[in-house]
Amino acid sequence: MTLTQQIITIGMVIFGTALTRFLPFLIFPADKPTPKYIRYLGRVLPAAVFGLLIVYCLRNVNFFTGDHGLPEIISIGIVIALHLWKKQMLLSIAGGTICYMLLVQIIL
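Residues numbered from 1 in each chain as written. Predicted model: local features only at pLDDT ≥ 70, side-chain atom pairs only at ≥ 80, totals over all residues. Heavy atoms only, no water.

Per an unreviewed UniProt entry, the protein chain carries the name Branched-chain amino acid transporter permease and comes from Candidatus Anaerostipes excrementavium.

**Q** Would you mind showing me how to read the overall build of the protein chain here?
**A** Secondary structure summary: the protein chain contains four helices and zero strands in total. Traced from its N-terminal end to its C-terminal end, the protein chain shows the element sequence α-α-α-α. Compactness check: the protein chain gives a C-alpha radius of gyration of 20 Å against a globular reference of 13 Å for 108 residues, more than 25% above the reference. Along the first, second and third principal axes, the C-alpha set of the protein chain runs to 50 × 45 × 20 Å. Counting the 108 residues in the protein chain, one finds 12% classified as buried. Counting contacts in the protein chain only where the partners sit at least 6 residues apart, residues at least 24 apart contribute 44% of the total. When the accessible area of the protein chain is evaluated, it comes to approximately 8,900 Å², of which 74% is carbon and sulfur surface. (Helix = DSSP H or I, 4+ residues; strand = E, 2+ residues; numbered from the N terminus. Rg over C-alpha atoms; globule rule 2.2 N^0.38 Å. Buried < 20%, exposed > 50% of the residue type's maximum accessible area, 1.4 Å probe, protein only. Contact = heavy atoms within 4.5 Å. Areas by Shrake-Rupley, 256 points an atom, 1.4 Å probe, with all protein chains shown as cover.)

**Q** Looking at this structure, how should I read the packing of helix α3 (residues 70-86) against helix α4 (residues 89-107)?
**A** When two helices pack together, their arrangement is captured by the angle between the axes and the distance separating the axes. Contact geometry for α3 and α4: axes closest at 8 Å, N-to-C directions at 155 degrees. Taken as axis vectors, α3 and α4 run roughly antiparallel relative to one another. The chirality of how α3 crosses α4 is right-handed. When α3 is examined against α4, the residues Pro71, Glu72, Ile74, Ser75, Ile78, Val79, Leu82, His83 and Lys86 are found in contact with a partner set consisting of Met89, Leu91, Ser92, Gly95, Gly96, Cys99, Tyr100, Leu103 and Val104. When grouped by side-chain class, the residues that make up the contact of α3 with α4 number 11 nonpolar, five polar and two charged. (Axes fitted to C-alpha atoms, helices over the stretch in contact; angles between N-to-C directions. Parallel < 35°, antiparallel > 145°, perpendicular 65-115°, else oblique. Left-handed = near helix turned anticlockwise from the far one by under 90°. Nonpolar A, V, L, I, M, F, W, Y, C, P; charged D, E, K, R; others polar.)

**Q** Honestly, the UniProt feature "transmembrane region" (unreviewed entry) in the protein chain in this entry has me stumped. Any pointers?
**A** Per the UniProt record, the feature "transmembrane region" (unreviewed entry) sits at residues 6-28, 40-62 and 90-107. Counted over residues 6-28, helix gives 96% and strand 0%. Its end C-alpha atoms are 34 Å apart. Taken end to end, residues 40-62 comprises 83% helix and 0% strand; its first and last C-alpha atoms sit 36 Å apart. (UniProt positions renumbered as here; feature names shortened; annotations may be inferred.)

**Q** It is not clear to me how the environment of Met1 should be interpreted in this structure. Could you clarify?
**A** Residue placement: Met1 occurs in the segment before α1 (3-27). Distance in space between the C-alpha atoms of Met1 and Asn60 is 37 Å, their sequence separation being 59 residues. Excluding residues that lie within four positions of it along the chain, Met1 makes contacts with Gln6 and Thr9.

**Q** Looking at this model, I keep getting lost on the side chain of Ser75. Mind explaining?
**A** You can see Ser75 is positioned in helix α3. Setting aside residues up to four positions removed in sequence, Ser75 forms contacts with Gly96, Cys99, Tyr100 and Leu103.

Structure (structure tokens):
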């Protein structure tokens, strides 16, 4: 890439990032009520993200060979326990990820 192309690329990335940060505030100002479909998405998307992560994480697990998916099962248990305990999605996902990585890299 030439210097001009690099500058244009960095500028476009900055513009895209700023646009995604400020656009919701422009579309949905604070003085107007939030549309019903946005409130609906805010209610259902967290569960959809969890479902997507489960499918993505378990799509290649073979429960009939090797360790039989033991790290995955233990990590799913950790995610469920953390979520029932604290009800914070980020903590649940991070806790399950850390548990899985420790099990795969160090223990199993």
